[in-house]
Amino acid sequence: MALGKYSRVDGRRSSSYCSTAVVVAFVALCLVGVWMMTSSSVVPVQNDISQDGKAEVKQTVTENESRQFEDSPGDLPEDAMRGDSNNNNPQDEGNSEVQDNQKSSQQTTEDNPEENQEKPEKESGDKVTGPEETSNPQTETNPGEPNTEDGESNPESGEPKTGDGETNTGALAESVESPVETKKEDKMEGQVEENQDKQSESSSENKNDSANKNQGPNEVFPDGAQSEILNETGMQNGAWSTQRAESKNEKEKQQSSMTKDEGASGYSWKVCNVTAGPDYIPCLDNLQALKQLKSTKHYEHRERHCPEEGPTCLVPLPEGYKRPIEWPKSREKIWYYNVPHTKLAEVKGHQNWVKVTGEYLTFPGGGTQFKYGASHYIDFIQQGVPDIAWGKQSRVILDVGCGVASFGGFLFDRDVLTMSFAPKDEHEAQVQFALERGIPALSAVMGTKRLPFPGNIFDAVHCARCRVPWHIEGGKLLLELNRMLRPGGYFLWSATPVYQKLPEDVEIWNAMSELTKKMCWELVTIKEDKVDLVGAAIYRKPLSNECYEKRPENEPPLCKESDDRNAAWNVPLQACMHKVPVDASERGSEWPEQWPVRLERPPYWLKSTQVGVYGKAAPEDFTADYDHWKRVVTKSYLNGMGISWSSVRNVMDMKSVYGGFAAALKDLNVWVMNVVPIDSPDTLPIIYERGLFGIYHDWCESFSTYPRSYDLLHADHLFSKLNKRCNLKAVIAEVDRILRPEGKLIVRDKVEIINEVEKMARSLQWEVRLTYTKDTEGLLCVQKTMWRPKEVETIASAIA
C-alpha cells in the first residue's frame, strides 16, 4: 500500500516537472522570437542606409509619393538633403514604418537606461535633417509646387538642415568638403532627434566645435581682412560655429511655438484685391491718384504715384503659373500662363515681337525695326560706327521704349548690359515679357521728372522706333538723355523720321536736326540697312565745352552751376544742358577703361584724399569692398547655401554700395540690378563706371517692376535701416511681390532684424534654408513658395 501510495505521488511529481519544462521552453522560444523580431526590425534599415545611401523611407516615398516629389538633387552629398520638419512634408507619412521600428527598438532597451543614454550621444554629432539623400537622381518638390516641364530641371539641390528647418552650417561645410564620408547614424536623426536633443546636447556642442574648426573654404561668413566693412567685427575662420550651441535652447523654445498657422508668428497676410490682379504695381496702379491728375499731356499717368502707405497684402499668382524657363532658352520662349497677355501678340505679331505658340509665348528675336533678328541689327549698328565696340568700349547702354527688349537680350552675347525701360501698359505687358525672358527692364516713362539715374553714366543710348517726342518743348526729353549720356557717348536713333519721307516724318527730322545741332551733338553717320529696310542716325555727345561757348545763342540754355546733374529722385525735368567735365579729377572727363578691366580697378577720379563709405581712403575702400564680396560669394553664397545658380537669372542687390556683390557674380549667367537707396551714400556713379548698372530707389515705396520679376534678392544691412522709418511688413510684402516663387532672399543684418524677418518669412510659409548668427550679426536665406492666403484685402486706391 505504501509502495502504491508513493507510486502515485512520484507520478504526479513527474508530470509537474514535464509541464514546467514545457512552459520554460515555450517562454524561452517566445523570448528568442521577440528578440529576433525586434533586432531584425531595426538593423536592416541601418544597413540599407549605410550601404546604398538610400533609406527604406526613400523607397516608400518613391513608390507612393513620386508625383509629389520632383526635385533635382544636384551634386551635394547624401546627408546634405533632408526634409524641413516644419513643412508638413508628405515624406513624414512615409516615415511611419521606420518610426514604428524605432519604437520597438526603444521598448526593448527600456530596462537598460545606461545604454539608452549612451547611444543617442553617439548618434547626435552634427545633426542634419532635411530633404532626402541627394544621390538618387529622382527629382522631388514640395506638394503644390509646379512640376518641371520642357526639360527644365528643378534648380534646387538642397542643403543640410536642422530639425527646425535651419541649415546647420557646421555640418554643411563638413559635408561639402567630404561628400563621400556619410555617417549612418545621421540618417536616422530626423525621426529620433526630439528624443535625443536633451540627452546629447553637451556631446553635440563638442562635436560641432570640432567639426567647424575644419570648415575650410565653405564657412558662411568667410574670413578676410576686410570683414569690418560690414561692421561684422571679430569675424574669424570658424568662429561663427559656436552660435548654434550657445543659442540652441532659446531657439528651440521659440521654434517649438511656431506653426504654419498664419498667426503663429504674430503676422497675418491677405491677398490683394486690385484691378490689376496678378500684375499689380502699387506706385503705377494707384488709380485713385490717377483720377485726380489735372493733365496727362506729359505722361503723368504713367509716372509713379505711390499710395501713402505701402500695401501689406500679397499679390495673387496667375492661374497655371509655372517655374520660369531658364536662360538662355527663356530668351526664345516663356510659359504663356506666366504672362497670359495676348494683345501685344495680336497687334505686333506680324512685326516679330511676340507670338502665341501653344503653351508658350515665343520671341522670334526681331522687332519692328529688326525683323530679321536683333543680332543682325546689332552688327548693322557697329558697322555704322566701329568705335562703338560693343562689349569693350560700350558696356552699359540705355534702351528707351524697349518693347520686349530683344535688343538688350541679344546684346548679352556681346558683353553689353542694357537698361531697358518702357511705360506700363503702353503696349500690354512688354516690360513684363522682358523680365520673364530674363532680360533687364524697368517700367518707367520720360514724363515730367528725371529718370532715376545719375548724370554722365551711359556709354550709349538707343531708341528704335520709340515714339518719344524728342523735339518738343525746347527738346526737354532729349536734354534728359544728354544729362545721362557720357561725354563722347552715342545716341542711336533708328526711327521712321530717319528713313521715311512721310510729311510728319520729314517735319520731325528737320526739328531734330536743328535741336541736335544746338546741343552740339555731332551727326556721325546716317546708315541704311538694306535687309531690314530701316535706317539709323548716330549722334555723339561732345567731349569738351568748346562748341557750347561758340554758340551764337544760349539755346538750349546751359544749366546753372548749382544744378546737380546727379540729383534724380523726383527732380523735375529742366530744358537745360550741363557743361562737360574737363578737369582731369572730374568724373566724365575721361572714358572708362575697357571691359572687363574697368570692373576691378578703382575709377581714376576716386582720390586718396576722399573718404570712402567705410571710412578708408576711397580707392582702398573700393578695393576692400570688392575683395570682401569676392570672398563672401565664392566661399559662402556659391557653395554654402544649396542654391542652384543655373536657375538664377534676374538678381537684385537691394542696397548696393560699390557694386561689389554684382562684380563678384561676373562669371555667372546672371545680371544684377544694383539699387542705391536714396538715403545711402550716392555711389551709383561708381557702379556705372565699373561697367555695371543700377538705379536709385526709396524702399519705403514700391519698386517700378512687375510682380515675380527676380530670382534672387540680396539685402545687406538694409532692413535695419528701413525699420527706423518704414513699415517693415510692407517692405517684406514688396519683397514677396517682386520675387518669383522659389526665388531666394539673402539677408545680412543685425540679429534682431534677422529674427524678425525670419518670423515674417515663416508666416509667409517660406522655406528657411539657412539662418546663422554671431554676436550682433546674422545671415538668413529663405525661399519663397507658391503659398497664398485665403483671405482678401481690397486696396481702394487700386480699384477702378
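Residues numbered from 1 in each chain as written. Predicted model: local features only at pLDDT ≥ 70, side-chain atom pairs only at ≥ 80, totals over all residues. Heavy atoms only, no water.

Per an unreviewed UniProt entry, the protein goes by Putative S-adenosyl-L-methionine-dependent methyltransferase and derives from Macleaya cordata. Per UniProt, the comment on the protein under Sequence similarities (unreviewed entry) is "Belongs to the methyltransferase superfamily." (UniProt positions renumbered as here; feature names shortened; annotations may be inferred.)

### Some details on the overall build of the protein
When helices and strands are tallied, the protein shows 26 helices and 19 strands. Long-range pairs, those at least 24 residues apart, make up 74% of the contacts in the protein between residues at least 6 apart in sequence. Surface exposure of the protein reaches about 33900 Å², of which carbon and sulfur atoms provide 49%. (Helix = DSSP H or I, 4+ residues; strand = E, 2+ residues; numbered from the N terminus. Contact = heavy atoms within 4.5 Å. Areas by Shrake-Rupley, 256 points an atom, 1.4 Å probe, with all protein chains shown as cover.)

### Some points on the pairing of strand β17 (residues 767-774)
Of all eight residues making up β17, eight are buried, and the element is well covered by its neighbours. Inspection of the sheet shows β17 paired to strand β18 (residues 777-783) by seven bridges, in the antiparallel sense. Residue pairing for β18: Y772 is matched across the bridge by L779. Here β17 folds back onto β18, and the loop between the two strands holds two residues, one of which, D775, carries a positive phi near 55°. (Buried < 20%, exposed > 50% of the residue type's maximum accessible area, 1.4 Å probe, protein only. Pairing = 2+ DSSP bridges.)

### Overview of the sheet that holds β18
Picture the strands of a sheet paired through backbone hydrogen bonds; they go either parallel or antiparallel. The sheet built from seven strands is open, its strands ordered β14-β13-β12-β15-β16-β18-β17 with mixed pairing. Strands with a single pairing partner mark the edges of an open sheet, and in this sheet they are β14 (694-697) and β17. On average, adjacent strands in this sheet sit at an angle of 15° to one another, irrespective of strand direction. Examined bridge by bridge, strand β13 (residues 671-677) and β14 share four bridges and lie parallel to one another. Within the sheet, the bridge partner assigned to P677 lies in β14 and is H697. The strands touched by helix α25 (residues 728-738) are β12 (650-653), β15 (710-716) and β16 (739-750); relative to β16, the strand with the most contacts, the crossing angle is about 140°. (Axes fitted to C-alpha atoms, helices over the stretch in contact; angles between N-to-C directions.)

### Thoughts on the state of the cysteines
Going through the model one piece at a time under the given rule, you end up with six disulfides. Across a sulfur-sulfur distance of 1.4 Å, C463 and C466 are joined as a disulfide pair. One disulfide, between C463 and C466, carries an S-S torsion of -80° and so falls in the left-handed class. Owing to a relative accessible area of 0%, C463 belongs among the buried residues under this scheme. For C466, a relative accessible area of 9% gives the class buried. Paired through a disulfide, C559 and C576 show a sulfur-sulfur distance of 2.0 Å. What sets the handedness of the C559 and C576 disulfide is the S-S torsion sign, and at about 90° it is right-handed. With C559 in the loop between α19 (546-550) and α20 (597-600) and C576 in the loop between α19 and α20, this residue pair connects regions lying 17 residues apart in the sequence. Across the pair, exposure class does not vary: C559 and C576 are buried alike. Each disulfide of the protein joins two cysteines, and with those cysteines numbered along the sequence the arrangement is 1-4, 2-3, 5-6, 7-8, 9-10, 11-12. (Disulfide = S-S within 2.5 Å.)

### Topic: the pattern of salt bridges
Taken as a whole, this structure holds 29 salt bridges when the rule is applied. In this structure, R486 and E689 form a salt bridge, with 3.2 Å as the shortest nitrogen-oxygen distance. Of this pair, R486 sits in strand β9 (residues 485-493) while E689 sits in helix α23 (residues 684-689), and the two are 203 residues apart along the sequence. Ionic pairing is found between R788 and D736, a salt bridge with its closest N-O pair at 2.8 Å. Here R788 is found in the loop between β18 and β19 (792-794), whereas its partner D736 is found in helix α25, with 52 residues between them in sequence. Each of the two residues, R788 as well as D736, counts as buried. (Salt bridge = Lys/Arg side-chain N within 4 Å of Asp/Glu carboxyl O.)

### Here we look at the sheet that holds strand β8 (residues 458-463)
Here we have seven strands laid out as an open sheet, ordered β7-β6-β5-β8-β9-β11-β10, and mixed in their pairing. Each having just a single partner strand, β7 (441-443) and β10 (522-529) make up the two edges of the open sheet. Here the strands of the sheet are splayed against their neighbours by 20° on average, with no regard to which way each runs. On the sheet, helix α15 (residues 430-437) packs against β6 (417-422) and β7 and is oriented at approximately 150° with respect to β7. Together, β9, β10 and β11 (534-540) form the strand contacts of helix α18 (residues 503-518), whose direction differs from that of β9 by roughly 170°.

### Some details on the packing of aromatic side chains
Going through the model one piece at a time under the given rule, you end up with 22 aromatic pairs. For the ring pair W470 and F491, a centre distance of 5.9 Å and an interplane angle of 80° mean the geometry is edge-to-face. With W470 in the loop between β8 and α16 (476-484) and F491 in strand β9, the pair connects residues that are 21 residues apart, well separated along the chain. By relative accessible area, which is 1% here, F491 ends up buried. Between K729 and the ring centre of W269, over which it is positioned, the NZ or CZ distance is 4.8 Å. (Phe/Tyr/Trp six-rings, centres within 6.5 Å; stacked < 30°, edge-to-face > 60°. Lys NZ or Arg CZ within 6 Å of the ring centre and 35° of its normal.)

### Describing the side chain of D529
Structurally, the position occupied by D529 is in strand β10. Buried charged residue D529 carries no salt bridge. Nearest counter-charge: K527, at 7.8 Å. Sequence-distant contacts of D529, that is, excluding residues within four places in its chain, are made with H376, F380 and V534. (Lys, Arg positive; Asp, Glu negative; His and termini not counted.)

### Some thoughts on helix α21 (residues 618-637)
Over its 20 residues, α21 runs 26 Å from end to end, which matches the ideal 28 Å to within 8%, given 1.5 Å per residue. Along α21, 14 of the 20 residues are buried, which leaves the element largely enclosed by surrounding structure. (Expected span 1.5 Å × (residues − 1).)

### Quick notes on unusual backbone geometry
The peptide bond linking W327 to P328 adopts the cis configuration, its omega dihedral lying at 10°. A cis amide bond links W595 with the next residue in sequence, P596, at an omega value of 5°. With respect to the secondary-structure elements, P596 resides in the loop between α19 and α20. Within the chain, N456 stands out as a residue other than glycine whose phi angle is a positive 55°. Relative to the helices and strands, N456 is located in the loop between β7 and β8. Overall, the relative accessible area of 1% leaves N456 in the buried class. The backbone of E742 shows a phi angle near 75°, a positive value even though the residue is not glycine.

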